[in-house]
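# Chains, contacts and geometry: an overview
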Amino acid sequence: MHEHRSSNLTGLLLPLADRNLILPNVAVAELIDYQPGAFDLDTPPWYLGRVTWRERQIPLLSFESACGNKVVIGERARIVILNALGGRPELKFIALLVQGIPRSYKLDSQLSYVDVPLCALEQAAVQVGEQVAKVPDLLALEELLVTAGLAN
């Protein structure tokens, strides 16, 4: 039996070009301005190079592209720095391209799940206010970087 803790989780809704992602607040380390990363042409299309944050070089990803869609860098593009959860020493943070400022939402523990098609990097879809948001699989994102040899 789980104890019933306060059901208020704060989530951040991240606007992407073609979908919204929802993450727990604790997954996000910081929001920074968009800066083009430096990268080689032989890297996967979803890899947008490395961005400098707190004197570290963080790999920058396009979630849309990792799910098979186009990379979009809109005029409101920002970068969200995520805490990597896999415990790999070489991968402490991941930078994710977003299209606008994330918004904070109070989430109920009774999230209402929505039955929509998911890409391999999405764990679920939930209803957040008026919109559907996808729950990204952060460990799968890390795995993607590690497999492509881009983690360190």
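Residues numbered from 1 in each chain as written. Predicted model: local features only at pLDDT ≥ 70, side-chain atom pairs only at ≥ 80, totals over all residues. Heavy atoms only, no water.

### A closer look at unusual backbone geometry
As a reminder, the rule being used: Helix numbering and strand numbering both begin at the N terminus, where a helix is a DSSP run of H or I of at least 4 residues and a strand a DSSP run of E of at least 2.
Positive phi outside glycine occurs at R54, with the angle close to 45°. Examined against the element boundaries, R54 turns out to sit in the loop between β4 (47–53) and β5 (56–61). The phi torsion at E55 lies on the positive side, around 60°, for a residue other than glycine. Tracing the sequence through the fold places E55 in the loop between β4 and β5.

### Some details on the nonpolar core
What counts is decided by this rule: Only buried residues count toward a nonpolar core. Its members are Ala, Val, Leu, Ile, Met, Phe, Trp, Tyr and Cys residues joined through side-chain atoms within 4.5 Å. Type-normalised accessible area, obtained with a 1.4 Å probe on protein chains alone, sets the label of each residue: buried when under 20%, exposed when over 50%, and partly exposed for intermediate values. In this description, contact between two residues means that some pair of their heavy atoms is separated by no more than 4.5 Å.
One finds L14, F63, L96, L141 and L145 to be the most contacted residues of the largest nonpolar core, which totals 26 residues. Elements supplying a minimum of two residues to this core: β1 (9–15), β2 (20–24), β6 (77–83), β7 (93–99) and α2 (138–147). Filtering out sequence-adjacent residues up to four positions away, L14 remains in contact with R19, N20, L21, L23, V80, L96, V98 and P102. Judged by nonpolar contacts, the second largest core, of 12 residues, contains I32, I58, I81 and A95.

### Comments concerning the state of the cysteines
Operational definition: Disulfide: a pair of cysteine sulfur atoms within 2.5 Å of each other.
This structure, assessed with the given rule, holds 1 disulfide. Two residues, C67 and C119, share a disulfide whose sulfurs are 2.1 Å apart. Judged by the sign of its S-S torsion, about -45°, the cystine formed by C67 and C119 is left-handed. Here the residue C67 occupies a position in the loop between α1 (63–66) and β6, and C119 occupies one in the loop between β8 (103–107) and β9 (122–128), the gap between them amounting to 52 residues.

### So, the pairing of β7
Convention followed: By this definition, two strands are paired if DSSP reports at least two bridges between them.
Among the 7 residues that make up β7, 7 are buried, leaving the element largely enclosed by the rest of the structure. In this structure, β5 lies alongside β7, joined through 2 bridges in parallel fashion. Bridge pairing in β7 links L61 to L96. Where β6 meets β7, 7 bridges bridge the pair, whose relative direction is antiparallel. Bridged to I79 within β7 is L97.

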